[in-house]
Amino acid sequence: MTINDGQEIKARVLLVDDEKNRVLMLSKILRRHGYEVLLAHDGLEGEQLLDANMPDPSLPDDANQPTPITLVMTDLQMPKLDGMTFLKRTREKYPNLPVIVLTGHGSIQSAVEAMKAGAVDYLIKPADPEEILIVMARTLEMQDLRSENRQLKAQLGYTDDAHEIIGRSPAIQHVLEMIRMVARNRSTVLITGESGTGKELVARAVHDSGPFARYPFIAVNCGALSETLLESQLFGHKRGAFTGAVSDHIGFFQAAEGGTLFLDEISEMSPHLQVKLLRAIQQREVIPVGDTQAHRINLRLICATNRDLEYEVRERNFRQDLFYRLSVVNIALAPLRERAVDVPDLIGHFILRFAKLYDVAPKTVQPQAMEVLLQYPWPGNIRELENIIERSFALSQKPTIGIEDLPPQLFRAPGEAMAAVRPRRRQREAQEAEPPVAPPTPLPTPRPLPASAKERPPVAPPPIPHFTEPFVPKAPEEPLTLDETEKRQIVDALRKAKGRKVEAARLLGIDRKRLYRKMKKYDLE
């Protein structure tokens, strides 16, 4: 598709604004930069244009469908149908269509409301045309990535829920129980574990398993951004706060309103930002860079680290008061070498995943290769196992995985294979083995977790299976229906509450009358 001068069209954009002169000027600028522009002067006209220019999913693939609109930019205050209502209706009808709010009546309250309603960005008039073009380009790029991600997940049959946490070991079962317990409240959660153990997967499971799953889940890697950029991204900034701050920007704390903010690699955060984070947690409010006004926040904070935070506190690299604020509930993920019983299940899971991705039949694993996989200490944890299974699909078309298909590092001695694991920890242990010049200040006794969340007595892990026949991965069981899942949760809550319906209702997060109706529905009285 091209425009008049032969330039390729970047995207079809719908502008919804009642200021005709301003929207005509903006549309000319967008057309010069390769965008096809449709104009609407109120929300009702915008809805009509959307319905006329969006494909009908009920029609067959070979039907003649219009070229879809790929981006919407709307004002808030308009006649007939206001922009906020138009935004909500658009997001409900076309959930994957990005909407940018561009308004001359901006406020923090309207910005937060727009972001909660599903807007991808929020600009205040008169916005610089260059800034608008940058925001549009960034939005379309993110939309392309999300589209590719959805297609890949569809190919893999992938779902972002707790069912992706694979394992039958006591350690994994305890993690799943912790997720179920903490999912229904907004307690701050600290997830610890080595790299590759699935910390973000656990964070997403906590978010998706609770009643706040319909609100945003925003993940931030604290080690991937500079201090200045991370501060701006987390807390937001005011226009003119620093060079390049051409408009007000809502930080991730406000964008995640009602949902979950996940801070990965929290130990990489600078002391200055640790102070601001501590204040945000204590006061439940944030102050954007360059602003003097605090803004209230309501969300769940989940943090993760692959370091020993207690040691970082003793070394004065991490604030002690922040450590205790973060570790209200601590979910510790065991390394894969400590739960080798889960290796066959994980291998089967990855074989089925990559069989779909490569569009081939699932492979079987020869007994000798399975023995090597079970004995290997997995310094890279689950991520390393996943890469090795994918390697077997990428480099071999054979229907089996044998010893010859495994990489050389799997045949090293256990001590040699683990030599690369956590060198910082080995260095630290060597330093601590030497007589210290001055003993470090002892940490106060950490506050105990609630009785329901305490560590259980150690349980002997089930024996590692021994394979004499080729390992054949099994397809996962069909998921339970919503009614079956709900019935099981009610039965489980009644069992835990020892038949006390008021307590069971509290555990389920519903009122007593609703519990009675559910029990009658499932014949549990």
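Before any of the text, the structure's been laid out above.
To start, this report covers the structure provided alongside it. All values reported here derive from a predicted model rather than from experimental measurement. (Residues numbered from 1 in each chain as written. Predicted model: local features only at pLDDT ≥ 70, side-chain atom pairs only at ≥ 80, totals over all residues. Heavy atoms only, no water.)

Section: the side chain of His237
Here is step 1 of the chain: Examined against the element boundaries, His237 turns out to sit in the loop between α8 (227-235) and α9 (252-255).
Here is step 2 of the chain: Apart from residues lying up to four places away in sequence, His237 is in contact with Ser232, Phe242, Ala245, Ser247, Asp248, His249, Pro288 and Val289. (Helix = DSSP H or I, 4+ residues; strand = E, 2+ residues; numbered from the N terminus. Contact = heavy atoms within 4.5 Å.)

Some words on a nonpolar patch on the surface
Here is step 1 of the chain: Nonpolar side chains collect at one region of the surface, where Leu357, Tyr358 and Val360 lie side by side and expose about 220 Å² of accessible area between them.
Here is step 2 of the chain: Looking at where Val360 falls in the secondary structure, it is placed in the loop between α13 (343-358) and β13 (364-365).
Here is step 3 of the chain: A relative accessible area of 40% places Val360 in the partly exposed class. (Patch = residues over 30% accessible without salt bridge, like charges linked within 9 Å, V, L, I, M, F, W, Y side chains within 5 Å. Areas by Shrake-Rupley, 256 points an atom, 1.4 Å probe, with all protein chains shown as cover. Salt bridge = Lys/Arg side-chain N within 4 Å of Asp/Glu carboxyl O. Buried < 20%, exposed > 50% of the residue type's maximum accessible area, 1.4 Å probe, protein only.)

Points about the packing of aromatic side chains
Here is step 1 of the chain: This structure, assessed with the given rule, holds 6 aromatic pairs.
Here is step 2 of the chain: With a centroid separation of 6.4 Å and an interplanar angle of 45°, the aromatic rings of Phe354 and Phe393 are classed as tilted. Taken as a pair, Phe354 in helix α13 and Phe393 in helix α15 (residues 381-395) lie far apart in primary sequence, 39 residues in all. Phe393 carries the same exposure label as Phe354, and that label is buried.
Here is step 3 of the chain: We note Lys276 situated over the ring of Phe235; from NZ or CZ to the ring centre the distance is 4.6 Å.
Here is step 4 of the chain: Just above the ring of Phe393 sits the side chain of Lys363; from NZ or CZ to the centre is 4.9 Å. (Phe/Tyr/Trp six-rings, centres within 6.5 Å; stacked < 30°, edge-to-face > 60°. Lys NZ or Arg CZ within 6 Å of the ring centre and 35° of its normal.)

Some thoughts on the pattern of salt bridges
Here is step 1 of the chain: Scanning the model with the defined rule gives 20 salt bridges in all.
Here is step 2 of the chain: In this structure, Asp42 and Lys80 form a salt bridge, with 3.9 Å as the shortest nitrogen-oxygen distance. A residue pair is termed long-range when its members are at least 10 positions apart, and Asp42 in the loop between β2 (35-40) and α2 (43-53) and Lys80 in the loop between β3 (71-74) and α3 (83-93) qualify at 38 residues.
Here is step 3 of the chain: Judged by its relative accessible area of 8%, Asp42 is buried.
Here is step 4 of the chain: By relative accessible area, Lys80 is classed as exposed at 70%.
Here is step 5 of the chain: Salt-bridge contacts for Arg89 lead to Glu47; the nearest nitrogen and oxygen are separated by 3.3 Å. In this pair, Arg89 is assigned in helix α3 and Glu47 in helix α2, connecting sequence segments 42 residues apart.
Here is step 6 of the chain: Beyond isolated ion pairs, a larger network of salt bridges with shared partners links Glu268, Arg307 and Glu312.

Geometry only, nothing functional implied.
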